[in-house]
Every structure is written in structure tokens, then in C-alpha cells.
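If you want the building blocks of each chain, they are given just below.
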Protein chains: 2
Amino acid sequence: MERHFHEQLDTLKKHLIHMAMAVEEAIACAIEALVERDDLIAEKVINMDERINEMEIQIDEECLRLLALNQPMASDLRFVTSAMKLNNDLERIGDHAVNIAELAKRLNHNDPLKPLISIPRMAEIAQSMVKQSIDSFVNAEPQLAKDICKRDDEVDNFDDQIFRELLTYMMSDPKLIPRALNYALISKNLERIADLSTNIAEEVVFIYQAMTIKHHQRPVQLDDIRSRS
Amino acid sequence: MERHFHEQLDTLKKHLIHMAMAVEEAIACAIEALVERDDLIAEKVINMDERINEMEIQIDEECLRLLALNQPMASDLRFVTSAMKLNNDLERIGDHAVNIAELAKRLNHNDPLKPLISIPRMAEIAQSMVKQSIDSFVNAEPQLAKDICKRDDEVDNFDDQIFRELLTYMMSDPKLIPRALNYALISKNLERIADLSTNIAEEVVFIYQAMTIKHHQRPVQLDDIRSRS
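Computed from a predicted structure; not experimentally measured. (Residues numbered from 1 in each chain as written. Chains lettered and ligands numbered in written order. Predicted model: local features only at pLDDT ≥ 70, side-chain atom pairs only at ≥ 80, totals over all residues. Heavy atoms only, no water.)

A. The overall build of chain A, seen in detail. Across its full length, chain A holds six helices and zero strands. Start at the N end of chain A and walk to the C end: the helices and strands fall as α-α-α-α-α-α. Of all 229 residues assigned to chain A, the portion counted as buried reaches 58%. Accessible area for chain A stands at about 9700 Å²; split by element, carbon and sulfur atoms hold 50% of it. (Helix = DSSP H or I, 4+ residues; strand = E, 2+ residues; numbered from the N terminus. Buried < 20%, exposed > 50% of the residue type's maximum accessible area, 1.4 Å probe, protein only. Areas by Shrake-Rupley, 256 points an atom, 1.4 Å probe, with all protein chains shown as cover.)

B. Spatial organisation of the pattern of salt bridges. The full count for this structure, using the stated rule, is 28 salt bridges over all chains. Its salt-bridge partner being Arg92 of chain B, residue Asp89 of chain A comes within 2.7 Å of it at the nearest N-O pair. You can see Asp89 of chain A sitting in helix α3 (residues 74-108) and its partner Arg92 of chain B sitting in helix α3 (residues 74-108), one on each of two chains. Across the pair Glu203 of chain B and Lys85 of chain B runs a salt bridge, and its minimum N-O distance is 3.6 Å. Of this pair, Glu203 of chain B sits in helix α6 (residues 177-209) while Lys85 of chain B sits in helix α3, placing them 118 residues apart in sequence. Taking relative accessible area as the criterion, Lys85 of chain B reaches 6% and is therefore assigned buried. Shared partners join several salt bridges into a network, and the residues in it are Asp60 of chain A together with Lys85 and Glu203 of chain B. (Salt bridge = Lys/Arg side-chain N within 4 Å of Asp/Glu carboxyl O.)

C. Broad picture of unusual backbone geometry. All names here are of chain B. The residue Gln71 is not glycine, and still its phi comes out positive at about 40 degrees. Structurally, Gln71 is set in the loop between α2 (39-70) and α3. Residue Ala74 is not a glycine yet carries a positive backbone phi of 40 degrees. Mapped onto the fold, Ala74 is located in helix α3. In this structure Ala74 comes out as partly exposed when scored by relative accessible area, which is 30%.

D. Local environment of the environment of Lys188 of chain A. Inspection of the secondary structure assignment puts Lys188 of chain A in helix α6 (residues 177-209). Sequence separation between Lys188 of chain A and Glu32 of chain A is 156 residues, and the spatial gap between their C-alpha atoms is 17 Å. In contact with Lys188 of chain A, other than residues within four places in its own chain, are Asp159 of chain A together with Leu185 of chain B. (Contact = heavy atoms within 4.5 Å.)

E. Up close: the packing of aromatic side chains. All names here are of chain A. According to the stated counting rule, one finds two aromatic pairs over all chains in the structure shown. Between Phe79 and Phe137 the ring centres are 4.9 Å apart and the planes differ by 15 degrees, which places this aromatic pair in the stacked class. Taken together, the residues Phe79 in helix α3 and Phe137 in helix α4 (residues 118-138) connect sequence positions 58 residues apart. Like Phe137, Phe79 is buried. Taking the ring centre of Phe163 as reference, the NZ or CZ of Lys188 above it sits at 5.7 Å. (Phe/Tyr/Trp six-rings, centres within 6.5 Å; stacked < 30°, edge-to-face > 60°. Lys NZ or Arg CZ within 6 Å of the ring centre and 35° of its normal.)

F. Seen up close, the environment of Gln8 of chain B. All names here are of chain B. Looking at where Gln8 falls in the secondary structure, it is placed in helix α1 (residues 2-35). Judged by relative accessible area, Gln8 falls into the partly exposed class, the value being 25%. Residues Gln8 and Glu62, spaced 54 residues apart in sequence, show a C-alpha to C-alpha distance of 9.0 Å. Apart from the residues within four sequence positions on either side, Gln8 is in contact with Glu62, Leu66 and Asn70.

G. Quick look at the packing of helix α5 (residues 142-172) of chain A against α6 of chain A. Residue and element names in this part refer to chain A. Relative orientation of the contacting elements α5 and α6 amounts to 170 degrees, with a least axis distance of 9 Å. As the angle between them shows, α5 and α6 are arranged roughly antiparallel. Here the residues of the contact of α5 with α6 are counted per class, giving 20 nonpolar, four polar and eight charged. (Axes fitted to C-alpha atoms, helices over the stretch in contact; angles between N-to-C directions. Parallel < 35°, antiparallel > 145°, perpendicular 65-115°, else oblique. Nonpolar A, V, L, I, M, F, W, Y, C, P; charged D, E, K, R; others polar.)

H. The side chain of Arg179 of chain B, seen in detail. Residue and element names in this part refer to chain B. Along the chain, Arg179 falls in helix α6. For the buried Arg179, which has no salt bridge, the nearest side chain bearing the opposite charge is Asp111, at an N-O separation of 5.4 Å. Once residues within four sequence positions are removed from consideration, Arg179 is found in contact with Leu107, Asn110, Asp111, Pro112 and Leu113. (Lys, Arg positive; Asp, Glu negative; His and termini not counted.)

I. Quick peek at helix α2 (residues 39-70) of chain A. Given a rise of 1.5 Å per residue, 32 residues ought to cover 46 Å, and the 47 Å separating the end C-alpha atoms of α2 of chain A matches this to within 8%. Between the side-chain oxygen of the N-cap and the backbone nitrogen of Leu40 of chain A there are 2.9 Å, and the N-cap of α2 of chain A in question is Asp38 of chain A. (Expected span 1.5 Å × (residues − 1). Polar contact = N/O pair within 3.5 Å; in protein donor to acceptor, adjacent residues only side chain to side chain.)

J. Here's a closer look at the confidence of the model for chain A. All names here are of chain A. Across chain A, the average pLDDT comes to 88, with 90% of residues at or above 70. Note on residues 218-229: pLDDT is under 50 here. Beyond four places in sequence and across chains, it has 27 contacts. Predicted complex, confidence summary: ipTM 0.84, pTM 0.88. (pLDDT = per-residue confidence, 0-100.)

K. Representation of the packing of helix α4 (residues 118-138) of chain B against helix α5 (residues 142-172) of chain B within the structure. All names here are of chain B. Packing of α4 against α5 brings their axes to within 10 Å, and their N-to-C directions diverge by 165 degrees. When the axes of α4 and α5 are compared, the pair comes out roughly antiparallel. For the crossing formed where α4 meets α5, the hand is left-handed. Residues Ser118, Ile119, Arg121, Met122, Ile125, Ser128, Met129, Gln132, Ser133, Asp135 and Ser136 of α4 form the contact with α5, whose own contacting residues are Leu144, Ala145, Ile148, Arg151, Asp152, Glu154, Val155, Phe158, Asp159, Gln161, Ile162 and Glu165. For the contact of α4 with α5, the class distribution of residues is 10 nonpolar, six polar and seven charged. (Left-handed = near helix turned anticlockwise from the far one by under 90°.)

L. Quick look at the environment of Leu196 of chain B. Relative to the helices and strands, Leu196 of chain B is located in helix α6. The buried category is assigned to Leu196 of chain B, whose relative accessible area is 0%. Taking C-alpha positions, Leu196 of chain B is 15 Å from Phe206 of chain B, a pair spaced 10 residues apart along the chain. Excluding residues that lie within four positions of it along the chain, Leu196 of chain B makes contacts with Arg92 of chain A together with Asp89, Arg92, Ile93 and His96 of chain B.

M. Local environment of the state of the cysteines. What the rule picks out here adds up to zero disulfides over all chains. Take Cys63 of chain B: it sits in no disulfide, and the sulfur closest to it among the cysteines is that of Cys63 of chain A, at 15 Å. The class of Cys63 of chain B is buried, set by a relative accessible area of 0%. (Disulfide = S-S within 2.5 Å.)

Here it is as C-alpha cells:
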């Protein structure tokens, strides 16, 4: 049974990696739809979401089955409950990619406001945060996860900078306001993706170090969760 | 043991209700800070967040202990894992209340843009969605939870309406843009609170009907999760 359980855990890890890859692709395509002004790519992102939603439901059921049939203890228990949260965060990141694709479609109908530099750069960081948070999970690297938490500030600074720049455009010419607002919403969606990746990274630290760095609190040891056997 | 376990579940429910009450209060105070133009109330919301974060960590540990020490099955297992997600959603709602309080503080330094009608009304709905989603959880009322999911559209419509109205202000006078943008961000935060309440309501349906209405999919039965005993 023990060996069988660890095989099931490995399968769960693989499913989470597949889901993360699908989500990363959704972000990359959403930004491509914006940069290349391509409605077809935007539609692709919107259609990909159904598959991501199905993956979330399947992984959730997989975790429930793992808990019900194996009744894992200590670090294995923590691993499975954290996987459920991480799965939920990945699905929400997918939703933000859809939001960006829909905003891109709106923007594609108008002339570009300016050459896009900051948003693709911000998207690159957010996307690498998703990838690295999942890597840190698969490879059991809490230090990498801690580094990801620090990158969240970098994305927040980009969001502030983009917001200020767009404000200048809006104040110089009221006709640019609707377009500028759509770009601001894209930036906000990327900022939320970075936030959710940070949540994942926090969970990874939690899984592997059995402590929480959430809310920048004193770490809470969970050693009192012990097997009854 | 069985009786002891159900007492522990009741305690968990009580803790979640307390957390929900704290979060509801945070939303109410954040809107009061905005309407009454009161920085002190805004500060109160920001300070309340630490307590909400602590509550989240405690409830999370409580759930892990429940799983480790009792190894619940079927509906009890589903209840505890859903409680972990619900707890996470409540904490995020608390973060949005803090965002609103911070935006209120910024807005209090300037003249009001216009009498506030839509935002307090939208906040009322979002707040009642939080309350009802937790009520549906405590009283095992999946029908109430389904009604909450429908109210999400109502809040989305408010957000669209507020956004269009603010756009008119911005285009009529560029000096109003920074203020209007802050109001738009408050509306977006309320919309996210309604979304997260909808997530909670979906979890409640999941707990009590053992099926998922998430992503508006065909319900998935989880009957194959059975006790080994």
C-alpha cells in the first residue's frame, strides 16, 4: 500500500505540472494575442479555459480519493491538502489569462496606444513566477519558493509604473481614456497572477518546511500533527 | 471518538463563523471609511487584517489536525477540505477590504467626486453574499448557496454601470481622472469580494450535495470515495 500511495502522489504531481503548463501557455498566448493583435489567439485562450477547469475538478477529486483511501499522515497529509489549494490557485490564474485575452480582443479593434514594452516584460515575470512556483513544488525547493515571494514586489512596481504612465496618456487626451483603462486592467490581471503565484510559493514553503511564511508571521511549527499508529 | 470528532467539527464551524463576521465587519468599516470620509475607520480596517490573518492560520492548522487525528471519510472529509478552501477565500476577502480602506484614505484627501450611491449599494450586496454564503454553510442549505451564485451577475452589472459612469466623468474633465480611477478600483475590489463569496457558495453546494457546480459543468458525483472500514 505504502509504495502504491507514493506512486499515486507522483501521478498527482504530474497532473499538477500538466495543469501548470496549460496555465503558462494560456498566459503566453493571451499576451501574444495582445502584442500581435491577433483575435484568433485570444479565442484560443478563451477555449483553453474549459480544459483547465476540467483539470482542476479532476485533480480535486484525485486529492479527495488520496485522502479517503490512504489516510496519509504528517508531511504526506500536508502535501495533499496543499496540492488542493495550489490546484485552485492555478485555475484562478487561468481565469486571469482569459480576462487578458478578452481585453486584448477589445484593444485589437482600435489603434495601438503606444509600443508595448512594460506589459510584455511584466507578463514574462508573472509567467516565470508560475513556472518557478510549480518547479519549486516538484523539486522540493523551498528556497526557490522564497525567492518567488520576493519577485512579487517587482511585479507590483511594474503595475504602479504602468498605471502612472497610462494616467499621463489619459490626462493628455480624453479620447485615449477607454483604451488606457483596458491596458490598466491587463496590468492588474498580471499583478493578480503574480499574487497567486506567490500564494503557491508560500504553500510550497509550507509543504516542505512545515511552517508558514504567509502574512510574514512568526513561523508556526506543525510538529504536533502525528500519526496515531 | 466519533462524538469527540463531531464536537471538533462544531468548533471548526464556530471558528469559521467568527472569521466570516470579522471579514464582514472589515467590509462594512471600509465602506463607512469611504462614505463618512473617516481615516480613523480606514486605519481600523487595516489593523483588523492582522487578526484575520491569524484566524486563517489557526483554522488551517485546526483542519490539518482534524484530518490527521480522525481520518474522516466521505462527507466529513469533504467538509474539512472544503473548510480549508473557504477559510482561504475569507482571508482574501479581508485583503480586499484592506484595499478598499487604503483607497478610501486616498480619496478622503480630495473633494468628493459625486454623492456615493452605487458603491455603497454594491458593497451591501457583496457583504450580504459573504454572510449568506457562510449561513448556507453552517445551516447546510445548498439552495441558498445556489441563489448566491446568481447574485454574482447583479454585482458584475453594478461594476459595469459604475465603470461607465466614471468614464463619463473622466472624459468630461481630465482633472477628475485620478479620483475616478480610485473609485473604479473600489468597485473592482467589491466585484472580487462577490466572486470569492460565489466560490464559497460553490464549495457549500459541493459539501452538501457532493457534486460540483463550479465552472457550470455537469455535476460530478463523488460516490466512489468510500470508507475502507
